[in-house]
Amino acid sequence: MGLLNAMDSSLRILYAAGPGDVIGTYRHWKAGRDDPAQVAITYSGQFYDLCKELDARGYVISTNPKRERITEDNLIIEHRPLRFARGPMPLYHLGQIWHGVRLAMSAKRFGADVVFVADGTTHWFMLGLVRMMGARVVPSLHSMLWPKHLGTGGVINRMILWLNARFFRRGASAVLSISDDVSQQVRSMLNGRPLHIIPFLPNYRPESFGDGFPLPEARTPFRVFFAGRIEQNKGVFDLLEIARQFKAQGRMDIEFDLCGDGSQLEPLRSAAIEAGIQEQFHCHGHSSKPFMREMYARSHVIIVPTTTAEGFNKVVAEGILAGRPVITSSICPALEYVKEGVLEVPPNDRAAYAQAILKLKDDPALYEAKWRGCCAVRGQFYDVSRGWRAAAKTAVSLGKP
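In this report, the structure presented in the accompanying data block is examined. Being a predicted model, the structure only gives us computed values, none of them experimental.

### Quick word on the pattern of salt bridges
Phase 1: Considering all chains together, one arrives at 18 salt bridges under this definition.
Phase 2: Taking the shortest distance from any N to any O, the salt bridge between Asp253 and Lys361 comes out at 3.7 Å. Of the two residues, Asp253 sits in the loop between helix 8 (236-248) and strand 10 (254-259) while Lys361 sits in helix 12 (residues 350-362), which places them 108 residues apart along the sequence.
Phase 3: Given a relative accessible area of 17%, Asp253 falls into the buried group.
Phase 4: A salt bridge links Glu266 to Arg269; the nearest nitrogen and oxygen atoms lie 2.7 Å apart. Remark: Arg269 and Glu266 occur in helix 9 (residues 265-274); sequence separation between them is three residues, near one turn of the helix.
Phase 5: Residue classification places Arg269 among the partly exposed positions, given a relative accessible area of 27%.
Phase 6: By sharing partners, the salt bridges in this structure join Asp49, Glu53, Arg389 and Lys393 into a single network.

### Thoughts on helix 8
Phase 1: With 13 residues, helix 8 extends 19 Å between its outermost C-alpha atoms, agreeing within 8% with the 18 Å of an ideal straight helix rising 1.5 Å per residue.
Phase 2: Along helix 8, the residues classified as buried are Val236, Phe237, Leu239, Leu240, Ile242, Ala243 and Phe246.
Phase 3: Its buried side turned inward, helix 8 meets strand 9 (222-227), strand 10, helix 9, strand 11 (281-285), strand 12 (301-304) and helix 12.
Phase 4: Immediately downstream of helix 8, the backbone of Gly250 shows phi near 80°, a positive value.

### Some thoughts on the sheet that holds strand 5 (residues 114-118)
Phase 1: The sheet built from eight strands is open, its strands ordered 3-4-2-1-5-6-7-8 with mixed pairing. Both outer strands of the open sheet, strand 3 (68-72) and strand 8 (196-199), are each paired with one neighbouring strand and no more. Here the average twist between neighbouring strands, direction ignored, is 15°.
Phase 2: Pairing of strand 1 (residues 12-16) with strand 2 (residues 57-62) involves five bridges; the strand directions are parallel. Pairing of Ile13 across the sheet is with Gly58, part of strand 2.
Phase 3: Sitting on the sheet, helix 2 (residues 43-54) is in contact with strand 1, strand 2 and strand 4 (75-79), with an inclination near 180° to strand 1.

### Regarding the pairing of strand 8
As a general feature of sheets, a regular strand has side chains that alternate between the two faces.
Phase 1: When strand 7 (residues 174-177) meets strand 8, the two strands line up parallel, connected through four bridges. Of the residues in strand 8, the one forming a bridge with Ala174 is His196.

### Here's the deal with the sheet that holds strand 11
Phase 1: Overall, parallel pairing links the six strands, which are arranged 11-10-9-12-13-14 in an open sheet. In this open sheet, the two strands that pair with only one neighbour each are strand 11 and strand 14 (342-345). Shown here is a sheet whose adjacent strand axes are inclined to one another by a mean of 25°, direction ignored.

### A look at the side chain of His79
Phase 1: Topologically, His79 is positioned in strand 4.
Phase 2: Among the polar contacts listed, one links the side chain of His79 to the backbone nitrogen of Val22, at a separation of 3.3 Å.
Phase 3: Of note is the side chain of His79, whose polar atom sits 3.3 Å from the backbone nitrogen of Ile23.
Phase 4: For His79, the contacting residues outside a window of four places in its chain are Gly20, Asp21, Val22, Ile23, Ser62, Asn64, Lys66, Arg67 and Glu68.

### Here we look at the environment of Ser299
Phase 1: Looking at the secondary structure, you find Ser299 in the loop between helix 10 (289-298) and strand 12.
Phase 2: Considered as a pair, Ser299 and Arg169 are 130 residues apart in the sequence and their alpha carbons are 45 Å apart.
Phase 3: Ignoring any residue separated from it by four or fewer positions in sequence, one finds Ser299 in contact with Pro216, Arg223, Phe225 and Arg324.
Phase 4: In this structure the side chain of Ser299 is engaged in a polar contact, spanning 2.8 Å, whose partner is the backbone oxygen of Tyr296.

### As for helix 11 (residues 314-322)
Phase 1: Within helix 11, eight of the nine residues are buried, leaving the element largely enclosed by the surrounding structure.
Phase 2: Turning to helix 11, its buried residues are Val315, Val316, Ala317, Glu318, Gly319, Ile320, Leu321 and Ala322.
Phase 3: Of the residues flanking the start of helix 11, the one acting as N-cap is Asn313, its side-chain oxygen 2.9 Å from the backbone nitrogen of Val315.
Phase 4: A positive phi of about 80° marks Gly323, the residue just after helix 11.

### Considering unusual backbone geometry
Phase 1: The omega angle of the peptide bond from Thr220 to Pro221 is 0°, so this bond is cis rather than trans.
Phase 2: Following the sequence through the fold, Pro221 ends up in the loop between helix 7 (206-209) and strand 9.
Phase 3: Phi is positive for Asp55, close to 55°, though the residue is something other than glycine.
Phase 4: Looking at the element boundaries, Asp55 is found in the loop between helix 2 and strand 2.
Phase 5: Its identity as a non-glycine residue notwithstanding, Asn348 has a phi of 55°, on the positive side.
Phase 6: Turning to its location among the elements, Asn348 is positioned in the loop between strand 14 and helix 12.
Phase 7: With relative accessibility at 47%, the residue Asn348 sits in the partly exposed group.

Reading guide: rules and limits
Residues numbered from 1 in each chain as written. Predicted model: local features only at pLDDT ≥ 70, side-chain atom pairs only at ≥ 80, totals over all residues. Heavy atoms only, no water. Salt bridge = Lys/Arg side-chain N within 4 Å of Asp/Glu carboxyl O. Helix = DSSP H or I, 4+ residues; strand = E, 2+ residues; numbered from the N terminus. Buried < 20%, exposed > 50% of the residue type's maximum accessible area, 1.4 Å probe, protein only. Expected span 1.5 Å × (residues − 1). Contact = heavy atoms within 4.5 Å. Pairing = 2+ DSSP bridges. Axes fitted to C-alpha atoms, helices over the stretch in contact; angles between N-to-C directions. Polar contact = N/O pair within 3.5 Å; in protein donor to acceptor, adjacent residues only side chain to side chain.

What follows is the structure, encoded as C-alpha coordinates:
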(Lines give C-alpha, C1' and ligand atoms only; values in the text may rest on other atoms or scores of the structure.)
Protein backbone atom coordinates (compact mmCIF):
# COMPACT_ATOMS: atom_id res chain seq x y z
CA MET A 1 0.00 0.00 0.00
CA GLY A 2 3.00 2.27 0.32
CA LEU A 3 2.05 4.15 3.49
CA LEU A 4 5.34 6.07 3.52
CA ASN A 5 8.39 4.57 5.18
CA ALA A 6 7.30 2.30 8.03
CA MET A 7 10.75 2.61 9.66
CA ASP A 8 10.58 6.43 9.77
CA SER A 9 10.35 7.67 13.36
CA SER A 10 8.68 11.00 12.47
CA LEU A 11 5.50 12.05 14.21
CA ARG A 12 2.55 10.61 12.27
CA ILE A 13 -0.84 12.32 12.34
CA LEU A 14 -4.00 11.04 10.69
CA TYR A 15 -6.93 13.36 10.06
CA ALA A 16 -10.31 11.79 9.27
CA ALA A 17 -12.07 14.75 7.70
CA GLY A 18 -15.61 15.39 6.55
CA PRO A 19 -16.82 15.23 2.95
CA GLY A 20 -14.72 18.13 1.63
CA ASP A 21 -12.45 17.99 -1.41
CA VAL A 22 -9.24 17.69 0.61
CA ILE A 23 -7.20 16.77 -2.48
CA GLY A 24 -8.34 19.90 -4.30
CA THR A 25 -7.57 21.97 -1.22
CA TYR A 26 -4.11 20.37 -1.02
CA ARG A 27 -3.30 21.35 -4.60
CA HIS A 28 -4.19 24.95 -3.85
CA TRP A 29 -2.23 24.77 -0.58
CA LYS A 30 0.83 23.42 -2.35
CA ALA A 31 0.62 26.34 -4.78
CA GLY A 32 0.64 28.73 -1.82
CA ARG A 33 -2.97 29.85 -1.94
CA ASP A 34 -6.23 29.18 -0.12
CA ASP A 35 -8.96 27.04 -1.65
CA PRO A 36 -10.97 29.58 -3.69
CA ALA A 37 -14.15 27.55 -3.20
CA GLN A 38 -14.18 28.36 0.53
CA VAL A 39 -14.49 31.67 2.34
CA ALA A 40 -12.96 30.46 5.62
CA ILE A 41 -9.51 28.89 5.85
CA THR A 42 -10.21 25.18 5.36
CA TYR A 43 -9.56 22.75 8.18
CA SER A 44 -7.64 20.44 5.84
CA GLY A 45 -5.47 23.38 4.82
CA GLN A 46 -4.77 24.05 8.48
CA PHE A 47 -3.88 20.38 8.88
CA TYR A 48 -1.34 20.61 6.06
CA ASP A 49 0.12 23.69 7.77
CA LEU A 50 0.31 21.75 11.05
CA CYS A 51 2.18 18.84 9.46
CA LYS A 52 4.63 21.25 7.86
CA GLU A 53 5.17 23.13 11.13
CA LEU A 54 5.76 19.92 13.12
CA ASP A 55 7.69 18.17 10.32
CA ALA A 56 5.17 15.36 10.68
CA ARG A 57 3.93 12.68 8.32
CA GLY A 58 0.27 13.26 7.53
CA TYR A 59 -2.58 11.09 6.31
CA VAL A 60 -5.93 12.68 5.44
CA ILE A 61 -9.03 10.55 4.78
CA SER A 62 -12.07 12.43 3.53
CA THR A 63 -15.54 10.99 2.94
CA ASN A 64 -15.75 12.92 -0.34
CA PRO A 65 -17.79 10.81 -2.82
CA LYS A 66 -15.23 11.29 -5.63
CA ARG A 67 -12.82 8.44 -4.92
CA GLU A 68 -9.17 9.47 -5.33
CA ARG A 69 -5.83 9.01 -3.59
CA ILE A 70 -2.46 10.75 -3.88
CA THR A 71 0.87 10.43 -2.08
CA GLU A 72 3.20 13.41 -2.16
CA ASP A 73 6.12 14.39 0.05
CA ASN A 74 5.12 13.63 3.66
CA LEU A 75 1.41 13.36 2.92
CA ILE A 76 -1.12 10.73 1.92
CA ILE A 77 -4.49 12.19 0.95
CA GLU A 78 -7.46 10.00 0.17
CA HIS A 79 -11.11 10.43 -0.74
CA ARG A 80 -12.86 7.43 0.78
CA PRO A 81 -16.64 7.64 0.23
CA LEU A 82 -18.86 6.80 3.16
CA ARG A 83 -21.08 3.84 2.32
CA PHE A 84 -24.85 4.05 2.79
CA ALA A 85 -24.61 7.69 3.91
CA ARG A 86 -28.15 8.28 2.60
CA GLY A 87 -29.43 4.74 2.95
CA PRO A 88 -32.13 3.34 5.26
CA MET A 89 -31.25 3.65 8.93
CA PRO A 90 -29.92 0.05 9.38
CA LEU A 91 -27.64 0.45 6.36
CA TYR A 92 -26.56 3.91 7.53
CA HIS A 93 -25.38 2.49 10.86
CA LEU A 94 -23.68 -0.40 9.07
CA GLY A 95 -21.84 2.10 6.89
CA GLN A 96 -20.72 4.06 9.96
CA ILE A 97 -19.40 0.91 11.61
CA TRP A 98 -17.60 -0.29 8.47
CA HIS A 99 -15.96 3.09 8.00
CA GLY A 100 -14.78 2.97 11.61
CA VAL A 101 -13.23 -0.47 11.10
CA ARG A 102 -11.42 0.69 7.96
CA LEU A 103 -10.22 3.83 9.74
CA ALA A 104 -8.73 1.76 12.56
CA MET A 105 -6.96 -0.49 10.04
CA SER A 106 -5.58 2.51 8.18
CA ALA A 107 -4.37 4.12 11.41
CA LYS A 108 -2.58 0.88 12.34
CA ARG A 109 -0.90 0.45 8.95
CA PHE A 110 0.12 4.11 8.88
CA GLY A 111 1.53 3.88 12.39
CA ALA A 112 -0.45 6.93 13.51
CA ASP A 113 0.56 8.57 16.77
CA VAL A 114 -2.44 10.90 16.84
CA VAL A 115 -5.76 10.58 15.00
CA PHE A 116 -8.09 13.57 14.62
CA VAL A 117 -11.62 12.60 13.64
CA ALA A 118 -14.30 15.04 12.43
CA ASP A 119 -18.04 14.58 12.91
CA GLY A 120 -19.85 12.23 10.55
CA THR A 121 -16.86 10.00 9.89
CA THR A 122 -18.08 7.10 12.03
CA HIS A 123 -19.94 6.51 15.26
CA TRP A 124 -17.71 7.86 18.00
CA PHE A 125 -17.66 4.57 19.90
CA MET A 126 -15.98 2.91 16.91
CA LEU A 127 -12.90 5.02 17.62
CA GLY A 128 -12.22 2.68 20.52
CA LEU A 129 -10.73 0.39 17.83
CA VAL A 130 -8.35 3.16 16.79
CA ARG A 131 -7.35 3.61 20.43
CA MET A 132 -6.71 -0.15 20.69
CA MET A 133 -4.29 0.17 17.76
CA GLY A 134 -2.09 2.41 19.91
CA ALA A 135 -2.97 5.88 18.61
CA ARG A 136 -4.20 8.83 20.63
CA VAL A 137 -7.69 9.76 19.43
CA VAL A 138 -8.90 13.36 19.34
CA PRO A 139 -12.49 13.96 18.18
CA SER A 140 -12.85 17.24 16.32
CA LEU A 141 -16.39 18.36 17.08
CA HIS A 142 -17.88 20.79 14.57
CA SER A 143 -21.52 20.18 15.48
CA MET A 144 -23.74 19.23 18.39
CA LEU A 145 -23.63 15.61 19.58
CA TRP A 146 -27.42 15.60 19.79
CA PRO A 147 -30.10 18.20 18.99
CA LYS A 148 -29.96 20.95 21.56
CA HIS A 149 -33.71 21.51 21.84
CA LEU A 150 -35.04 18.08 20.87
CA GLY A 151 -33.38 15.59 23.21
CA THR A 152 -31.54 12.39 22.33
CA GLY A 153 -34.18 10.60 20.23
CA GLY A 154 -35.31 6.96 20.19
CA VAL A 155 -33.95 3.74 21.63
CA ILE A 156 -31.24 3.18 19.02
CA ASN A 157 -30.01 6.75 19.27
CA ARG A 158 -29.91 6.53 23.06
CA MET A 159 -27.92 3.28 22.88
CA ILE A 160 -25.44 4.85 20.46
CA LEU A 161 -25.17 7.88 22.72
CA TRP A 162 -24.42 5.61 25.70
CA LEU A 163 -21.68 3.85 23.74
CA ASN A 164 -20.31 7.18 22.53
CA ALA A 165 -20.23 8.53 26.08
CA ARG A 166 -18.28 5.48 27.18
CA PHE A 167 -15.70 6.20 24.47
CA PHE A 168 -15.37 9.86 25.46
CA ARG A 169 -14.78 8.84 29.09
CA ARG A 170 -12.29 6.06 28.37
CA GLY A 171 -10.87 6.43 24.88
CA ALA A 172 -10.52 10.08 23.93
CA SER A 173 -7.18 11.73 24.63
CA ALA A 174 -8.60 15.22 24.10
CA VAL A 175 -11.46 16.91 22.25
CA LEU A 176 -11.45 19.89 19.91
CA SER A 177 -14.71 21.81 20.32
CA ILE A 178 -16.28 24.45 18.07
CA SER A 179 -18.46 26.01 20.79
CA ASP A 180 -19.29 26.11 24.48
CA ASP A 181 -22.59 24.34 23.76
CA VAL A 182 -20.69 21.41 22.25
CA SER A 183 -18.22 21.40 25.16
CA GLN A 184 -21.08 21.27 27.66
CA GLN A 185 -22.52 18.21 25.95
CA VAL A 186 -19.13 16.49 26.15
CA ARG A 187 -18.79 17.32 29.85
CA SER A 188 -22.25 15.92 30.53
CA MET A 189 -21.04 12.50 29.31
CA LEU A 190 -17.83 12.39 31.35
CA ASN A 191 -19.31 11.74 34.81
CA GLY A 192 -16.67 14.01 36.29
CA ARG A 193 -13.70 12.35 34.57
CA PRO A 194 -11.01 14.79 33.38
CA LEU A 195 -10.61 15.37 29.65
CA HIS A 196 -8.85 18.15 27.78
CA ILE A 197 -11.50 20.08 25.83
CA ILE A 198 -9.76 22.56 23.53
CA PRO A 199 -11.90 25.26 21.91
CA PHE A 200 -11.41 26.58 18.40
CA LEU A 201 -13.15 28.99 16.03
CA PRO A 202 -13.35 29.29 12.25
CA ASN A 203 -10.42 31.31 10.91
CA TYR A 204 -10.47 33.86 8.09
CA ARG A 205 -7.78 35.84 6.31
CA PRO A 206 -7.91 39.54 7.23
CA GLU A 207 -8.10 40.41 3.54
CA SER A 208 -11.29 38.35 3.13
CA PHE A 209 -13.51 40.94 4.83
CA GLY A 210 -11.05 43.45 6.31
CA ASP A 211 -12.89 45.89 8.55
CA GLY A 212 -16.21 45.00 6.97
CA PHE A 213 -17.97 46.28 3.86
CA PRO A 214 -19.33 49.83 3.70
CA LEU A 215 -23.04 49.93 4.48
CA PRO A 216 -25.34 50.37 1.48
CA GLU A 217 -26.23 54.02 1.00
CA ALA A 218 -29.92 53.26 0.57
CA ARG A 219 -32.03 51.37 3.12
CA THR A 220 -34.72 50.65 0.55
CA PRO A 221 -35.03 48.00 -0.57
CA PHE A 222 -33.87 46.50 2.71
CA ARG A 223 -31.97 43.37 1.68
CA VAL A 224 -32.09 40.19 3.83
CA PHE A 225 -29.39 37.68 2.89
CA PHE A 226 -29.40 33.91 3.44
CA ALA A 227 -26.39 31.72 2.52
CA GLY A 228 -26.32 27.95 2.88
CA ARG A 229 -27.94 24.72 1.77
CA ILE A 230 -31.42 25.15 0.35
CA GLU A 231 -33.09 22.51 2.50
CA GLN A 232 -36.24 22.38 4.62
CA ASN A 233 -34.29 22.21 7.90
CA LYS A 234 -32.40 25.40 7.06
CA GLY A 235 -35.62 27.39 7.39
CA VAL A 236 -35.80 28.54 3.76
CA PHE A 237 -39.54 27.94 3.50
CA ASP A 238 -40.04 30.01 6.63
CA LEU A 239 -38.30 32.85 4.78
CA LEU A 240 -40.66 32.30 1.84
CA GLU A 241 -43.67 32.58 4.12
CA ILE A 242 -42.25 35.72 5.75
CA ALA A 243 -41.77 37.30 2.31
CA ARG A 244 -45.35 36.34 1.42
CA GLN A 245 -46.63 37.98 4.61
CA PHE A 246 -44.63 41.14 3.98
CA LYS A 247 -46.17 41.47 0.52
CA ALA A 248 -49.66 40.97 1.96
CA GLN A 249 -48.91 43.74 4.48
CA GLY A 250 -47.72 46.07 1.71
CA ARG A 251 -44.06 45.88 2.82
CA MET A 252 -42.58 45.92 -0.67
CA ASP A 253 -39.47 47.65 0.69
CA ILE A 254 -37.91 44.37 1.91
CA GLU A 255 -36.24 41.84 -0.40
CA PHE A 256 -34.64 38.45 0.19
CA ASP A 257 -31.52 37.03 -1.48
CA LEU A 258 -30.73 33.33 -1.05
CA CYS A 259 -27.44 31.83 -2.22
CA GLY A 260 -26.82 28.10 -2.15
CA ASP A 261 -27.72 24.79 -3.71
CA GLY A 262 -29.76 21.91 -2.36
CA SER A 263 -32.61 19.52 -2.98
CA GLN A 264 -35.24 22.22 -2.32
CA LEU A 265 -33.86 24.93 -4.61
CA GLU A 266 -36.24 24.35 -7.52
CA PRO A 267 -39.30 23.72 -5.29
CA LEU A 268 -38.50 26.96 -3.47
CA ARG A 269 -38.20 28.91 -6.72
CA SER A 270 -41.46 27.46 -7.96
CA ALA A 271 -43.22 28.32 -4.69
CA ALA A 272 -41.96 31.91 -4.91
CA ILE A 273 -43.33 32.24 -8.45
CA GLU A 274 -46.65 30.68 -7.43
CA ALA A 275 -46.90 33.16 -4.55
CA GLY A 276 -46.11 36.06 -6.92
CA ILE A 277 -43.13 37.22 -4.86
CA GLN A 278 -40.25 36.36 -7.21
CA GLU A 279 -39.43 40.07 -7.48
CA GLN A 280 -38.87 40.22 -3.72
CA PHE A 281 -37.53 36.68 -3.17
CA HIS A 282 -34.42 35.90 -5.22
CA CYS A 283 -33.02 32.34 -5.31
CA HIS A 284 -29.54 32.68 -6.84
CA GLY A 285 -28.51 29.02 -6.51
CA HIS A 286 -24.89 27.96 -6.18
CA SER A 287 -22.74 31.10 -6.08
CA SER A 288 -19.06 31.82 -6.65
CA LYS A 289 -16.89 33.34 -3.95
CA PRO A 290 -16.81 36.78 -5.67
CA PHE A 291 -20.60 36.78 -6.03
CA MET A 292 -20.97 35.84 -2.36
CA ARG A 293 -18.78 38.81 -1.39
CA GLU A 294 -20.97 41.03 -3.54
CA MET A 295 -24.11 39.74 -1.85
CA TYR A 296 -22.67 40.30 1.63
CA ALA A 297 -21.76 43.85 0.57
CA ARG A 298 -25.24 44.57 -0.88
CA SER A 299 -27.13 43.15 2.10
CA HIS A 300 -28.37 44.97 5.17
CA VAL A 301 -28.82 41.95 7.46
CA ILE A 302 -27.89 38.26 7.44
CA ILE A 303 -30.48 35.70 8.51
CA VAL A 304 -29.77 32.16 9.77
CA PRO A 305 -33.16 30.52 10.48
CA THR A 306 -31.89 26.94 10.77
CA THR A 307 -34.34 24.63 12.52
CA THR A 308 -31.98 21.85 13.63
CA ALA A 309 -29.00 21.90 15.95
CA GLU A 310 -25.60 22.40 14.41
CA GLY A 311 -22.13 23.42 15.47
CA PHE A 312 -20.84 26.80 14.39
CA ASN A 313 -22.66 28.17 11.37
CA LYS A 314 -19.91 30.00 9.48
CA VAL A 315 -22.45 32.31 7.88
CA VAL A 316 -22.91 33.92 11.30
CA ALA A 317 -19.18 34.65 11.50
CA GLU A 318 -19.10 35.89 7.92
CA GLY A 319 -22.03 38.21 8.55
CA ILE A 320 -20.19 39.69 11.53
CA LEU A 321 -16.98 40.03 9.50
CA ALA A 322 -18.91 41.75 6.71
CA GLY A 323 -20.31 44.21 9.24
CA ARG A 324 -23.90 43.06 8.88
CA PRO A 325 -26.21 42.41 11.84
CA VAL A 326 -27.31 38.77 12.06
CA ILE A 327 -30.74 37.38 12.94
CA THR A 328 -30.68 33.86 14.40
CA SER A 329 -31.70 31.74 17.39
CA SER A 330 -29.96 29.79 20.13
CA ILE A 331 -30.16 26.67 17.93
CA CYS A 332 -27.02 28.12 16.39
CA PRO A 333 -24.22 27.83 18.99
CA ALA A 334 -22.21 30.51 17.18
CA LEU A 335 -24.52 33.00 18.88
CA GLU A 336 -22.59 32.92 22.16
CA TYR A 337 -19.48 34.45 20.55
CA VAL A 338 -21.17 37.28 18.65
CA LYS A 339 -24.21 38.39 20.66
CA GLU A 340 -23.25 42.04 20.33
CA GLY A 341 -23.93 41.86 16.58
CA VAL A 342 -26.92 39.52 16.67
CA LEU A 343 -30.63 40.03 17.13
CA GLU A 344 -31.69 36.79 18.82
CA VAL A 345 -35.11 35.25 18.34
CA PRO A 346 -36.75 32.15 19.87
CA PRO A 347 -36.00 28.89 18.02
CA ASN A 348 -38.30 27.99 15.12
CA ASP A 349 -40.47 31.09 15.63
CA ARG A 350 -41.32 32.39 12.17
CA ALA A 351 -43.23 35.39 13.49
CA ALA A 352 -40.24 36.39 15.63
CA TYR A 353 -37.92 36.26 12.62
CA ALA A 354 -40.30 38.48 10.67
CA GLN A 355 -40.52 40.94 13.57
CA ALA A 356 -36.72 41.03 13.88
CA ILE A 357 -36.38 41.99 10.23
CA LEU A 358 -38.88 44.80 10.66
CA LYS A 359 -37.15 46.04 13.81
CA LEU A 360 -33.78 46.31 12.06
CA LYS A 361 -35.41 47.97 9.05
CA ASP A 362 -37.53 50.46 10.95
CA ASP A 363 -35.28 51.27 13.92
CA PRO A 364 -32.01 52.87 12.71
CA ALA A 365 -30.71 53.19 16.28
CA LEU A 366 -31.07 49.44 16.88
CA TYR A 367 -29.46 48.72 13.53
CA GLU A 368 -26.48 50.95 14.33
CA ALA A 369 -26.07 49.33 17.76
CA LYS A 370 -25.89 45.87 16.17
CA TRP A 371 -23.54 47.16 13.46
CA ARG A 372 -21.19 48.49 16.15
CA GLY A 373 -21.48 45.12 17.88
CA CYS A 374 -20.21 43.45 14.71
CA CYS A 375 -17.15 45.71 14.78
CA ALA A 376 -16.49 44.85 18.43
CA VAL A 377 -16.38 41.05 18.00
CA ARG A 378 -14.87 40.73 14.52
CA GLY A 379 -11.24 40.26 15.51
CA GLN A 380 -11.58 36.78 17.08
CA PHE A 381 -12.13 35.22 13.65
CA TYR A 382 -8.84 36.62 12.35
CA ASP A 383 -6.91 35.35 15.39
CA VAL A 384 -4.95 32.23 14.33
CA SER A 385 -4.23 31.41 17.98
CA ARG A 386 -7.96 30.59 18.32
CA GLY A 387 -8.20 28.51 15.14
CA TRP A 388 -8.28 24.76 14.50
CA ARG A 389 -4.57 24.48 13.75
CA ALA A 390 -3.59 25.98 17.10
CA ALA A 391 -6.06 23.72 18.95
CA ALA A 392 -4.77 20.63 17.11
CA LYS A 393 -1.18 21.56 17.91
CA THR A 394 -2.11 21.80 21.59
CA ALA A 395 -3.72 18.35 21.42
CA VAL A 396 -0.59 16.85 19.82
CA SER A 397 1.59 18.37 22.54
CA LEU A 398 -0.42 16.80 25.36
CA GLY A 399 1.27 13.42 24.88
CA LYS A 400 -0.18 10.21 26.20
CA PRO A 401 -3.10 10.54 28.61
